[in-house]
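Chain by chain, the residues run as shown.
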Amino acid sequence: MRRTPPAVRLRDFQPGDADALARLLHESVREIGARDYSQAQVEAWSPAPAGAAAFLRRVSDGRRVLVAIDQADRPAGFIELCADGYIDCFYCHPRAAGTGVGAILYARLESIARDMGMRSLRVDASEAARRFFLSRGFRVIQRRELERNGVPIHNFRMEKARIAQPQGVPMTQSSNDKAPVILLIGASRGLGYAMAAECLERGWNIVGTVRPGARTPLHDLADTHPGRVTVERLDVTEPDQIAALHDRLSGSRFDILFVNAGTANDRQDETIAQVSTEEFVNVMITNALSPMRVVEALQDLVPADGLIGIMSSGQGSIAGNEKGGHEVYRGSKSALNQYMRSYAARHAGEPRALLLLAPGWIRTALGGPDAPFGIEEAIPDIVNTLLSKRGKPGLEYLDRLGRAIPW
Ligand SMILES: NC(=O)c1ccc[n+]([C@@H]2O[C@H](COP(=O)([O-])OP(=O)(O)OC[C@H]3O[C@@H](n4cnc5c(N)ncnc54)[C@H](OP(=O)(O)O)[C@@H]3O)[C@@H](O)[C@H]2O)c1
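Residues numbered from 1 in each chain as written. Predicted model: local features only at pLDDT ≥ 70, side-chain atom pairs only at ≥ 80, totals over all residues.

Trainee: Before we go on, may I ask you to explain the sheet that holds strand S14 (residues 394-399) in this structure?
Mentor: Strand pairing in a sheet relies on backbone hydrogen bonds, with the paired strands running either antiparallel or parallel. A sheet is described by the order of its strands in space; here 7 strands give the open sequence S10-S9-S8-S11-S12-S13-S14, paired in parallel fashion. The open sheet has two edge strands, strand S10 (229-233) and S14, and neither has a second partner. Going across the sheet, the axis of each strand differs from the next one's by a mean of 20°, ignoring polarity. Note that strand S9 (residues 205-210) and S10 share 5 bridges and pair parallel. Residue pairing in the sheet places Thr-209 in a bridge with Glu-232 of S10. Packed on one face of the sheet, helix H9 (residues 277-298) meets strand S8 (181-185), strand S11 (256-259) and strand S12 (307-311) and runs near 160° to S11. (Pairing = 2+ DSSP bridges. Helix = DSSP H or I, 4+ residues; strand = E, 2+ residues; numbered from the N terminus. Axes fitted to C-alpha atoms, helices over the stretch in contact; angles between N-to-C directions. Contact = placed C-beta atoms within 7 Å.)

Trainee: Help me understand the confidence of the model for the protein in this model?
Mentor: Should the pLDDT be low somewhere, the predicted coordinates at that spot are not to be read in detail. Residue-level pLDDT values for the protein average 91, and 95% of them are 70 or greater. Here residues 1-5 is a poorly scored stretch, pLDDT under 50, and it has 6 contacts once near neighbours within four places are set aside; other chains count. Throughout residues 165-177 the model reports pLDDT below 50, and contacts reaching past four residues in sequence, or to other chains, amount to 9 contacts. (pLDDT = per-residue confidence, 0-100.)

Trainee: Explain the domain arrangement of the protein to me, please; I cannot follow it from the model alone.
Mentor: Size of an interface: often given as the accessible area lost when the parts come together. Here the protein is described as being made up of domain 1 (9-160) and domain 2 (181-399). For domain 1 and domain 2, the distance between their C-alpha centres works out to 34 Å. Taken residue by residue, the interface counts 14 residues in domain 1 and 13 residues in domain 2. Every element with two or more residues in the side of domain 1 that touches domain 2 is listed here: helix H4 (101-115), helix H5 (127-134) and strand S6 (139-148). Ranked by residues supplied to the side of domain 1 that touches domain 2, first place goes to H5 with 4 residues. Considered class by class, the residues forming the side of domain 1 that touches domain 2 number 6 nonpolar, 4 polar and 4 charged. (Domains from an automatic or database assignment. Nonpolar A, V, L, I, M, F, W, Y, C, P; charged D, E, K, R; others polar.)

Trainee: Even after reading the chapter, I still don't get the pairing of S6, so can you show me in this structure?
Mentor: Each regular strand shows side chains that alternate between the opposite faces of the sheet. Burial runs low along S6: only 0 of the 10 residues are buried. Across 9 bridges, S6 lies against strand S7 (residues 151-160) in antiparallel orientation. Paired with Arg-148 across the strands is Val-151, a residue of S7. As consecutive antiparallel partners, S6 and S7 are separated by 2 residues, and within that stretch Asn-149 has a phi angle of approximately 45°, a positive value. (Buried ≥ 20, exposed ≤ 12 C-beta atoms within 10 Å, placed from the backbone.)

Trainee: Got a minute to help me understand the nonpolar core in this structure?
Mentor: A general feature of soluble globular proteins is that nonpolar side chains tend to end up buried together. By size, the foremost hydrophobic cluster in this structure holds 56 residues, and its most contacted members are Ile-182, Leu-183, Leu-184, Ile-185, Met-195 and Ala-196. Looking at this core element by element, the count peaks at 7 residues for helix H6 (residues 190-201). In this view, Ala-196 contacts Leu-184, Ala-187, Ile-206, Gly-208, Leu-218, Leu-221 and Val-229; residues no more than four positions away in its chain are not counted. One finds Phe-55, Ala-76, Ala-97 and Phe-132 within the second-largest nonpolar core, a separate group that totals 44 residues. (Core = buried A, V, L, I, M, F, W, Y, C linked by C-beta atoms within 7 Å.)

Trainee: What's the story with the sheet that holds strand S1 (residues 9-12) in this structure? I'm lost.
Mentor: Pairing in this open sheet of 7 strands is mixed, and the strands run S1-S2-S3-S4-S5-S7-S6 from one edge to the other. The open sheet has two edge strands, S1 and S6, and neither has a second partner. Mean inter-strand twist for the sheet, computed between neighbouring axes without regard to direction, equals 25°. With respect to the sheet, H4 is in contact with S1, strand S2 (64-69), strand S3 (75-81), strand S4 (86-92) and strand S5 (121-125), its orientation differing from that of S3 by roughly 30°. Across the sheet, H5 touches S4, S5, S6 and S7, and the angle it forms with S5 is around 150°.

Trainee: What am I meant to see in the site of the ligand here?
Mentor: Every one of the 27 residues lining the ligand counts as a neighbour, but Gly-190, Gly-262, Thr-364, Leu-366 and Gly-367 are closest to it. Broken down by element, the shell around the ligand gets its largest block of residues, 3 residues, from H6. Residues that form the shell around the ligand fall into these classes: 12 nonpolar, 12 polar and 3 charged. (Near = placed C-beta within 6 Å.)

Trainee: Just to check I follow, could you spell out the environment of Phe-55 for this structure?
Mentor: Positionally, Phe-55 belongs in helix H3 (residues 52-58). Along the primary structure Phe-55 and Glu-296 are separated by 241 residues, whereas in three dimensions their C-alpha atoms are 40 Å apart. Once you skip the residues sitting within four places of it in the chain, Phe-55 turns out to touch Ala-18, Leu-21, Ala-22 and Ala-50.

Trainee: Would you take a moment to explain the packing of H9 against helix H10 (residues 327-346) for this structure?
Mentor: Two quantities define a packed helix pair, namely the angle between the axes and the distance from one axis to the other. Where H9 contacts H10, the two axes come as close as 9 Å, and the packing angle between them is 20°. Overall, the two elements H9 and H10 adopt an arrangement that is roughly parallel. Between H9 and H10 lies a crossing of right-handed hand. Across the interface between the two elements, Phe-280, Val-283, Met-284, Asn-287, Ala-288, Pro-291, Met-292 and Val-295 from H9 touch Val-328, Tyr-329, Ser-332, Lys-333, Ala-335, Leu-336, Tyr-339 and Tyr-343 from H10. For the contact of H9 with H10, the class distribution of residues is 13 nonpolar, 2 polar and 1 charged. (Parallel < 35°, antiparallel > 145°, perpendicular 65-115°, else oblique. Left-handed = near helix turned anticlockwise from the far one by under 90°.)

The following block contains the structure:
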């Protein structure tokens, strides 16, 4: 379901806002902050609402405070810009989280900063704010280990070294403020991880998902590339986790959303009548239903002219099925292709690029040891084809060399 843009208006802070904003800050910390920090940490971060007088004192140093007001005339969020380009408080009310209010507030703040002649912006960001600011061209300078009311807690010092030029003034090639960002679903290992590493090499920032639990190679990549690779948690078969991921990423914008996660039944030589119902259901839910749920739920994080792709397979081609085999897996990817075509039909005429990508038979846990290609030799072509689809509206079903596959 496409979210409608938030109906808010922005205005400058008025003293009468102080009490409501102090309470908004507290509720935001307790609810949104608790998604990334422990109970003890959020209690130490905001033990109680600050109260109107304390809030007024804090903002009386000449800083600019912008407030978003919703249709019921309630504050939905606020952001503060200090004279030296430091963004102090930036909070959205939990009921407004995921509606794009943060994006609206930040966009106005950046344009004000530019008009004031500021060249750079700085912020000390919580985990959620770090994800937001990464998607706005900030980079992490340092992870800061702090203590609040006796409880250890961390945040990230971030900066945007060059704030965006007014429209029509191109950024110079050397600027890396505008690193594009890909949201890769299923990047723990295999092709998904290799795509993350390859995109990183090519100057992209990565938000990659892994299933909750074990440490994965993606965590190592994030450790060695702080600020450029972020690990998120998602089991694609859990709709609640998809919704929670959307909430955590709300306000972020991704140039590409790519769903790579996929699975196969254990015995690939089983015919469709031989496979257990349980395995059939697992493969179909993972490969056909879940990617579409992810796309529907996260599409509003991708700009109208961005790219949404899913890892399909040449085995999903009905026209190409002349030898049979891999019946369950094949059927799941054919179903995926069909659902993506329905999605594309519903979005006909829109500028977004849509892609079903068939990587070829590759040696991974899923592809097995007999596949003719290794990950290293296949991944540059896979990423080339993905990136070259940008800016080409409509759905294509392509192999890794960019050739159309018959449906
Ligand atoms: N290798 C090939 O020959 C080949 C050919 C055609 C298409 N493909 C497709 O390419 C994609 C990647 O396959 P691969 O070869 O790299 O396989 P792989 O090494 O087995 O990796 C599968 C990936 O999908 C993730 N995944 C599986 N179920 C998930 C779930 N419920 N929620 C979230 N993530 C889940 C795995 O995460 P965990 O680490 O948590 O399990 C892992 O990251 C799949 O869609 C596959 O169908 C592969």
